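Analysis of the macromolecular model
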Amino acid sequence: MGKTSKDKRDIYYRRAKEEGWRARSAFKLLQIDSEFHIFEGVTKAVDLCAAPGSWSQVLSRKLNKDGNQTARIVAVDLQAMAPLDGVVQIQGDITKVSTAEEIIKHFRNEHADLVVCDGAPDVTGLHDMDIYIQSQLLLAALNITTHILKPHGIFVAKIFRGKDISLLYSQLKIFFKDVYCTKPRSSRNSSIEAFVVCKNYSPPEGYQPHMLNPLLTHEHCDFNQLTGINRYVVPFVVCGDLSQPDSDACYSLEYEGKEYKYHEPNQSPISPPYEEAITLLEKGKLQLKKPGTSLTVFNEPESAISAFKEKCTISSSPEEEPSVTVSISDNKALKEIDDESK
Amino acid sequence: MSELLSTDVLAVLSVGDYIFVGIGYTLRVYKKSTNNFISKLDVCYPDKIHGIVKGPGNYLAVFGGKQIGIVEVKSSNKTVLTTLYNAVHRFNDWVIAASWCSSNNEPSKLAILFAHNCLYVYDWLKNEAKEFQCEEKCILYGGSVTSDKADNFVVFAGTVFQEIFIWAVRNFNIGEEVPILHRLRGHNGVIFSVTFDPITSLICSTSDDRTIRLWSVGINSSDNGIQKWKNANISLMTTIFGHTARVWRAAIRKDFVISIGEDSLVCIWTKRGTLINKIEAHHGAPIWSIDVPEDGNTIITGGGDGAVHVWPLRANTNFVTKIIPLESSNDVPKHIGLLNSTSMVIITQTGKMLTQNKESGLKEVSLDTTKYASYIVMQISPDRKRVSLASLNGYLTLYEDNSETRCLQRVLEQKIMDSKVLSMHWLNEDSLLVCGLEGCMKTVKIVQGSALVISNHLLPQSRERWTTTAVVHENLLICGDRAGSIHLFRIGDVGIDNLLTDQTNSCHIHPFQSLLKIHGRLGVHSCKIIEDKLLTTGRDGTLRFYKLQKIDGQKTISPLQIDKMPMDWVSITLKTCTDLYVLGFKEVDFVLYSTAHQRVLLRIRCGGGHRSWDYVLNDGNFYFTYIRDKQIHVAKCEPNFLATLAVENGFHTKEVYCIQPIPTSIGHNILISGGEDRILRVTHINGCGSDSNNNQKFTSMALLSGHISSIKTLSLINLQNTAECTRNLIFSGGGRAQLKVWLISLTFEKNAVHVGNLTCVELASHMLRGTDQQQRKSLQQESHQCHYMDPETRYMSINAYRIPRKPNFILLLLGCSDGFLRIFSYDIETRNISTRTAIPYYNRCILMTHLFNYEENLIALTMATDGIVNFWCLNDVVDDIVEDLPDKDKLVSKIPILPFAKLGLHQCGINSYDLKMLKESLFILATGGDDNLLCLVVFEIKSENGVLSLHKIRKWNSASSHSTQVTGLILNESGSLFSVGIDQKVLTFNYRYDDIKLIVSLVHDTITSVADVQGMTMCYANDVDSTLLCTYGKGFELIRRTR
Ligand SMILES: C[S@@+](CC[C@H](N)C(=O)[O-])C[C@H]1O[C@@H](n2cnc3c(N)ncnc32)[C@H](O)[C@@H]1O
């Protein structure tokens, strides 16, 4: 399969590259806006779970009309993200209270007009767990929102549709007058992803935003509400009309009569968690796919570094597989050894 | 009621000779020594079991989602009875881990760690909890809790953001936040597991960053209780890289660390991080759960393929290699062969022949060096008693192993070929096939010390013209050659054993059947007859099966399935009473593969298959000898020990996209399934419904490979369905616009199903854009453009229809992701697939298609991501196929047919449907959408002057029955509608249409444990009062609905 095959399979991926978006998700926010007009009058916005940054790009382009950088945008993610003009970045876990406090600090005496959250866990494949974590991201985002969103403000967040989703809806309904569930055309048909668009922020009277176990207090467990007839049903709206391309369809590279030019991907994550493992693989020293191959790094006292370097040997496991054993004190030293052995 | 379930196994626990397994919400018990299922108990409905923890007495804590059940286990001599103690305990937070209080006076207390980094000390008798919140409030992905005799609890918590927290509680004031004692930093990603092993005093953590980290805990021996942890000195000791994907969990047991991961590997390490063994355990599916029983001999794993396996922890201690030295240091071994497990023959570079055995060591055998100076072909007879040599000038020499003197004696030396002997093969204990130059082949029989030529044959012309293998069967001589072809020769009328003299007549010289280049240009490697099948292997990495059939009184072969082996060079098949081993080479490794277990049992780094090597299997011991670095190596192991049968069988390793039951006239449930793992599976559900202990099992009957991308859809045409046999054409399609046609037939012996009676043959394979090579070629020709412009297409849906007017022709309707509705025809006789028409459909991905016949009209339904159901009349297309049968695909055209009717039912994609005829011209259609909507429409189709029209009569909608997309629907005759969605709800509705009203009411709901449900089909219920539903997606489940 060539490098163009993803371009053919995913029209939004290709368009994102052509139009300079860091991720195809940009279209989801654009399509949500075309249906719900979420950017109207917005000058201060928070983008939770923002990396690699395409939603921040959309916010920056949409909120700064006529090229002046007047809008205030704060972007938060676990992952580091390449800088964006006019976007303040915070790196951290939004489910962690201390991160939430840091975000709130940016809005000391002010309110945000819009909070968006496209957060998603790196899915494990265990659907119940993934859906649970996703719901916690949403509640964390909601909690941050209760601290900073202005009255009648808008909150947009990704959800995973699962069997307990009615519970989430009813929790959102406590804080917002209007709650919709929407799916942009650019989101794939088979995906469990959808978005809640919550308009008209109006917390219950006397509600005091707090940081005391914030996630759990939203989670009142009323099973009648979950399953009973009183369960809150949220309208489901598909946004983006049929003139928008279909994210499940395959398109010819000469789509819409335009001449095709291959574009390199825009922005991959700055440093994936397994970067170190990958670097080791790429250096060709480690072929983890081969049976019996492994690498161990020992963290021993500093003083003994040189002695350990000598121990850097190819050892044999019982199956006579060479396995590289490197003994050193930290990762920096590991790289040195790699360089020496070149 | 759930009758059978195969899905992710998230919890395993071994207690004594019993294994407790959590699958879905059910706790299952097996006996380890016999692999038998014993009993099951529903515990956490509707949540999945994520953990099982052994408690004091006979209690287990079983948790999943936000629930914990206390299960009491009573074992009598033969069975184990599990009962749920009271009701399950529900919490409002996700349970990460649980542990029993170890102090004896409080057997009813559990410490429960929740995802919000808080701990409950919970009395399950009184339903009372003491709650402790850690000062750091965040979400945990993994963690554990330990307790000591004095009721101190220590929490090891893993976060999404690289950190491990250690905190401890003891009768802390509730409401106060508990401080963190230690923060361990070092991982670069989400922490999936953290455990502490008190014996080694190590903390072991696993992560997204693909590492396992061991942290040493230095504890001051004078400290007690929580103080001990406060003052502990914790530091990162070892970082282990060895997995190629996320590492889910790891366990420490005495001297070993055992880790499991998304890459389907079980890795066994020493505490110093030296890798001892990597087991490729669950066929590529992630491994979720592990337990290492205290006996320290076995490992139990549960995987994403639904399987549960028991592995030896120390398999390699049974694996011995030794080197046999030659006396003279300047001579090197060139050929080796094993006479039995302790003795071997060696021919050296200098032309010496040696034997070596335990009793007499190395001994030289006399050899006529004038004949055998520089060139020798050596073969060992099947009974390993004779050694045959052949020479440059056509001599055949035979040695016999004298069991008394334990040395080789020459018994024959005779010139049998006018030329150099290129190859030689034993056909049975006293006959050989010898192949010389120019394809000259002779079969030779050893009779009273001399070699008689029985027959002469001529190997067809090829570049390297010699045989590589040969077998005889009745009057057949079957040879494989270096050019990759298989040839069949007749030898007399009765077979080689009854031929004494040369009865050659012309029809014997040339093959009467040849399968040219079937194993590719690197050649055939072996031929073997097992029962009525021929098995061949070759250097194309495949094992091929053929059926031996009598046609006009003569046995011939016809190809059956092809199995891709996990090796490049497939050498030999070896039948044992319980298994069929395949031996071969992958790069520099020798590989021993078990077909019964579908896994590699053994790898030996021998340098590759080009060197001389040999093996024997003796009393369950496998000996493998090879020459490497000019030395003779012998390896020994017990393959039986390397693989035990699965405790629970596995199914697909990834999402299942389609399941079709095979029609049988006697109510067997045989399912064909395909999915993301690209394998087409044939599965037999044993003993549905009737089994008293309510334990249905399933067995995999065949795994068919060949699809290069996911299998999205299946369609079936039944050719025969009698009490003796069912024969079916299967059309499978999916990614990369690939379509395959298979013939799957099964004969029944006394109504019973046996794996041996199933045959699966790939009849045809088709790719819309040609194979990758063809695409590349066409690109090179049109040099001006540098990208292949056409879209990649997935076949989303296939319907097959046998044309009544032309029963040899099958019309195939394909819904494609590039928005085209394509029509192909398949010719049963020529096995030819021709493309007929491609109807464009607004560039929308077509998700579902359906074909039905109504008053001589062939009508197609298409459903796409635009939420519209379109109705097409295909009469013209059928006429085209019937009337005009071009040799070439000249009919390929894009006729702009338009649908004759449209129903806009959904806002976006239609993921499921079912259609039933209510009465003459009146139909009911159920559709389920990506917009969570369930829709029922009653419509009428009219035909006037050959023009079809549709009238919508009634519609019923429900937006709230399912909270997610609806992915499976079944309408049955008796007025029930079954629906299932990604929300895992299985709903039963009653529907009734009475000419005015369409009345639909929900009558039942339940939850399926299959996540990511892709669809639902119906199986034989074997009971008139019930329906057996099969939901599939992440695994499959059989659910019985009784009226
Ligand atoms: C789908 S991506 C967001 C894409 C982004 N909206 C864009 O358009 O470029 C989801 C992001 O959620 C982040 N995330 C997941 N869990 C998080 C958490 N607990 N705190 C902060 N970010 C988190 C991930 O790091 C990931 O970058």
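Position numbers for residues start from 1 in each chain and track the written sequence from start to end. Going through the entries in the order they are written, you letter the chains from A and number the ligands from 1. Local features are withheld for residues below a pLDDT of 70 in this predicted model, meaning they are given only at 70 or higher, and side-chain atom pairs are given and counted only at 80 or more; totals for whole chains, interfaces and linings count all residues. Each side-chain value is derived from all of the structure's non-hydrogen atoms; neither hydrogens nor water enter the calculation.

Chain B has the name tRNA (34-2'-O)-methyltransferase regulator WDR6 in an unreviewed UniProt entry, where Neodiprion lecontei is given as its organism. UniProt positions are given in the numbering used here, feature names are shortened, and annotations may be inferred rather than shown by experiment. As its UniProt record puts it under Subcellular location (unreviewed entry), chain B is described as follows: "Cytoplasm". Under Sequence similarities (unreviewed entry), UniProt gives the following word-for-word description of chain B: "Belongs to the WD repeat WDR6 family."

Looking up chain A in an unreviewed UniProt entry gives the name Putative tRNA (cytidine(32)/guanosine(34)-2'-O)-methyltransferase, with the organism given as Neodiprion lecontei. Under the UniProt heading Sequence similarities (unreviewed entry), the entry covering chain A gives this text: "Belongs to the class I-like SAM-binding methyltransferase superfamily. RNA methyltransferase RlmE family. TRM7 subfamily."

Concerning the environment of W269(B)
The helix count covers DSSP runs of H or I at least four residues long, the strand count covers runs of E at least two residues long, and both are numbered beginning at the N terminus. Along the chain, the position of W269(B) falls in strand 25 (residues 265-270). Separated by 368 residues in the primary sequence, W269(B) and C637(B) place their C-alpha atoms 21 Å from one another. Those residues in contact with W269(B) that lie beyond four places of it in its chain are S294(A), I212(B), I240(B), F241(B), G242(B), D255(B), F256(B), V257(B), S259(B), T274(B), L275(B) and I276(B). One polar contact links W269(B) to S259(B), side chain to side chain, over a distance of 3.0 Å. The contact definition used throughout considers only heavy atoms, calling two residues in contact when any of these lie within 4.5 Å. N or O atoms within 3.5 Å of each other form a polar contact, as long as, within protein, one can give a hydrogen and the other can take it, and as long as residues adjacent in sequence are counted only when both atoms are side-chain atoms.

Structural notes on the UniProt feature "active site" (unreviewed entry) in chain A
All names here are of chain A. Summarizing the sequence annotation, UniProt attributes the feature "active site" (unreviewed entry) to K158 in the numbering used throughout. Within the secondary structure layout, K158 lies in strand 5 (residues 149-160). Setting aside chain neighbours within four positions, we find K158 in contact with C117, D118, G119, A120, Q134, L138, E193, A194 and F195.

A short note on the sheet that holds strand 15 (residues 153-159) of chain B
Two modes of strand pairing occur in sheets, parallel and antiparallel, and in both the strands are linked by backbone hydrogen bonds. Residue and element names in this part refer to chain B. Think of it this way: DSSP has to see at least two bridges between two strands before they count as a pair. Read across the open sheet, the 4 strands follow the order 14-15-16-18; overall the sheet is antiparallel. On the outer flanks of this sheet lie strand 14 (140-147) and strand 18 (182-185), each paired with one strand and no other. For this sheet the average axis-to-axis angle between neighbouring strands, irrespective of direction, equals 15 degrees. Two elements, strand 15 and strand 16 (residues 163-169), share 6 bridges in a ladder whose sense is antiparallel. What sits directly across from V155, in strand 16, is W167. Between N-to-C directions, angles span 0 to 180 degrees; the directions come from axes that are lines fitted to C-alpha atoms, helices contributing only their stretch in contact.

Some words on the interface of chain B and chain A
By a widespread convention, an interface's size corresponds to the accessible area lost as its parts come together. On the side of chain A, 89 residues touch chain B, which itself brings 93 residues to the contact. Of the roughly 8000 Å² buried where chain B meets chain A, counting both sides, 54% is carbon and sulfur surface. A carboxyl oxygen of Asp or Glu within 4 Å of a side-chain nitrogen of Lys or Arg is what we treat as a salt bridge. Our count for the contact surface shared by chain B and chain A stands at 3 salt bridges. Residue E163(B) is joined to K96(A) by a salt bridge in which the shortest nitrogen-to-oxygen separation is 3.5 Å. Only strand 13 (128-134), strand 14, strand 22 (233-241), strand 26 (275-280), strand 54 (599-605), strand 56 (621-628) and strand 82 (1011-1019) of chain B provide two or more residues apiece to the side of chain B that touches chain A. Residue contributions to the side of chain B that touches chain A peak at 6 residues, all from strand 22 of chain B. Under the grouping applied here, Gly and all other residues not named as nonpolar or charged are polar, the nonpolar ones being Ala, Val, Leu, Ile, Met, Phe, Trp, Tyr, Cys and Pro and the charged ones Asp, Glu, Lys and Arg. Taken together, the residues of the side of chain B that touches chain A break down into 30 nonpolar, 28 polar and 35 charged. Bridge count for strand 9 (residues 295-298) of chain A against strand 22 of chain B is 4 bridges, and the pairing is antiparallel. Counted as the bridge partner of V297(A) is T239(B) from strand 22 of chain B. By convention, the term buried area covers the 1.4 Å-probe accessible surface removed from two parts as they join, with the contributions of both added.

Let's talk about the nonpolar core
All names here are of chain A. Residue types Ala, Val, Leu, Ile, Met, Phe, Trp, Tyr and Cys, when buried and joined through side-chain atoms within 4.5 Å, form a set referred to as a nonpolar core. Burial classes: relative accessible area under 20% of the type maximum marks a residue as buried, over 50% as exposed, and values in between as partly exposed (1.4 Å probe, protein chains only). In this structure, L48, I94, F155, I159 and F176 are the most contacted members of the largest nonpolar core, which totals 42 residues. If you tally residues by element for this core, the top one is helix 6 (residues 127-148), at 8 residues. Leaving out residues up to four positions away in the same chain, L48 has contacts with V76, I94, I103, V115, V116, C117, D118, G119, A141 and I144. A16, V42, V156 and V197 belong to the second-largest nonpolar core, a separate cluster that totals 37 residues.

Comments concerning the UniProt feature "repeat: WD" (unreviewed entry) in chain B
The UniProt entry lists residues 184-217 and 280-321 of chain B under the feature "repeat: WD" (unreviewed entry), expressed in the numbering used here. Taken end to end, residues 184-217 of chain B has its terminal C-alpha atoms 11 Å apart, with 0% of it in helix and 65% in strand.

Brief notes about the side chain of H652(B)
Residue and element names in this part refer to chain B. Mapped onto the elements, H652 comes out in the loop between helix 3 (639-642) and strand 58 (656-661). Within the structure, the side chain of H652 is placed 2.7 Å from the side chain of S673, a separation counted as a polar contact. Of note is the side chain of H652, whose polar atom sits 3.1 Å from the side chain of D677. Setting aside anything within four residues of it in sequence, one finds H652 in contact with G304, D305, S673, G674, G675, D677, I679 and R681.

Quick look at the domain arrangement of chain B
Residue and element names in this part refer to chain B. Splitting chain B by domain gives domain 1 (661-768) and domain 2 (793-885 + 895-904). Each partner contributes residues to the interface: domain 1 has 23 residues there, and domain 2 has 19 residues. Where domain 1 meets domain 2, there are 0 salt bridges. The interface formed by domain 1 and domain 2 holds 5 residue pairs in polar contact (both at pLDDT 80 or more) in total. Elements that contribute at least two residues to the side of domain 1 that touches domain 2 include exactly strand 62 (711-721), strand 63 (725-734), strand 64 (738-747) and strand 65 (758-767). The dominant element in the side of domain 1 that touches domain 2, judged by the number of residues it contributes, is strand 62, at 7 residues. By residue class, the composition of the side of domain 1 that touches domain 2 is 11 nonpolar, 10 polar and 2 charged. Domain delimitation follows an automatic or database domain assignment.

Some points on the site of the ligand
All names here are of chain A. We call a residue near a molecule or strand as soon as one heavy atom of that residue lies within 4 Å of the molecule or strand. In the vicinity of the ligand lie 21 residues, with G53, S54, D77, D93 and D118 positioned nearest. D77 is positioned with one of its side-chain polar atoms (N or O) 2.6 Å from an oxygen atom of the ligand. Only the protein chains shown count as cover for residues, with accessible areas throughout obtained via the Shrake-Rupley method and a probe of 1.4 Å. Bound to the protein, the ligand loses 88% of the 600 Å² it would expose on its own.

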